[in-house]
Amino acid sequence: MSLWSRPATRALLLATATAGVLDLVAAFVLAALAGAGPGRVLAVISSGLLGARAEPGPGTALLGTLAHFGIMLVIAGVYPGAARRLPRLGSRPWLAGPLYGMLVYLVMQYVVLPLSAYPYPPAGSPLQIAQGLLVHATCVGLPIALIARAALRREPRPTA
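Reading the values: rules and limits
- Residues numbered from 1 in each chain as written.
- Predicted model: local features only at pLDDT ≥ 70, side-chain atom pairs only at ≥ 80, totals over all residues.
- Heavy atoms only, no water.
- Helix = DSSP H or I, 4+ residues; strand = E, 2+ residues; numbered from the N terminus.
- Rg over C-alpha atoms; globule rule 2.2 N^0.38 Å.
- Buried < 20%, exposed > 50% of the residue type's maximum accessible area, 1.4 Å probe, protein only.
- Contact = heavy atoms within 4.5 Å.
- Areas by Shrake-Rupley, 256 points an atom, 1.4 Å probe, with all protein chains shown as cover.
- Phe/Tyr/Trp six-rings, centres within 6.5 Å; stacked < 30°, edge-to-face > 60°.
- Axes fitted to C-alpha atoms, helices over the stretch in contact; angles between N-to-C directions.
- Parallel < 35°, antiparallel > 145°, perpendicular 65-115°, else oblique.
- Left-handed = near helix turned anticlockwise from the far one by under 90°.

1. Some points on the overall build of the protein
- Looking only at helices and strands, the protein has six helices and zero strands in total.
- In terms of overall dimensions, the protein is globule-like: its C-alpha atoms have a radius of gyration of 17 Å, near the 15 Å expected for 160 residues.
- Principal axes of the C-alpha set define a box for the protein whose edges measure 55 × 35 × 25 Å.
- Put simply, the protein has 160 residues, and 36% of those count as buried.
- Within the protein, residue pairs in contact and separated by at least 24 positions form 64% of the contacts whose partners lie at least 6 positions apart.
- When the accessible surface of the protein is totalled, it reaches about 9,300 Å², and 72% of it is carbon and sulfur.

As structure tokens, this is what we get:
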């Protein structure tokens, strides 16, 4: 059986793609409401690697997209591993998923971004923080948890 046909790999890729697209669409909508376009969003994402010199353009758009989905692959991979050790995560995706998404948001804002080349301050206003928590709860954590639950249900149980 090839790696790509394994159910766990397919679930990981599906969770990465689903959460990645939903998160980007939410970022594009929020940016549009603030008067910025998708190119600016992707440049801001790429600034985690390039710093303040990241300006909108095809190169930063590609780098931002690759960085976004690379990070999402890690985020989507952590949850099923944790759910294998803590079965309640897998059995309660409607609660655990949004909580996981909010934890992801907080770690990204207050640990990952400050350690990167990201040249902007973390989200500061209560509205920005609330938006970030809501988007990550619904667009990142919940789909990852639901896809992980389905994949974990299909895994063979170890025999004693």
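2. A word on the packing of aromatic side chains
- With the rule as written, the count across this model stands at two aromatic pairs.
- For the ring pair Y118 and Y120, a centre distance of 5.1 Å and an interplane angle of 70 degrees mean the geometry is edge-to-face.

3. A look at the environment of R153
- For R153, the location among the structural elements is in helix α6 (residues 126–154).
- Residue class for R153 comes out exposed when judged on its relative accessible area of 58%.
- In this structure, the C-alpha to C-alpha distance between R153 and A26, residues 127 residues apart in sequence, is 29 Å.

4. Things to note about the packing of helix α3 (residues 58–85) against helix α5 (residues 93–115)
- In the contact formed by α3 and α5, the axes pass within 12 Å of each other and the chain directions differ by 140 degrees. With respect to α5, the element α3 is oriented oblique. α3 and α5 meet at a crossing whose hand is right-handed. Contacts between α3 and α5 pair I71, I75, V78 and Y79 from the former with P93, A96, G97, Y100, V104 and M108 from the latter.

This is a description of form; function is not addressed.
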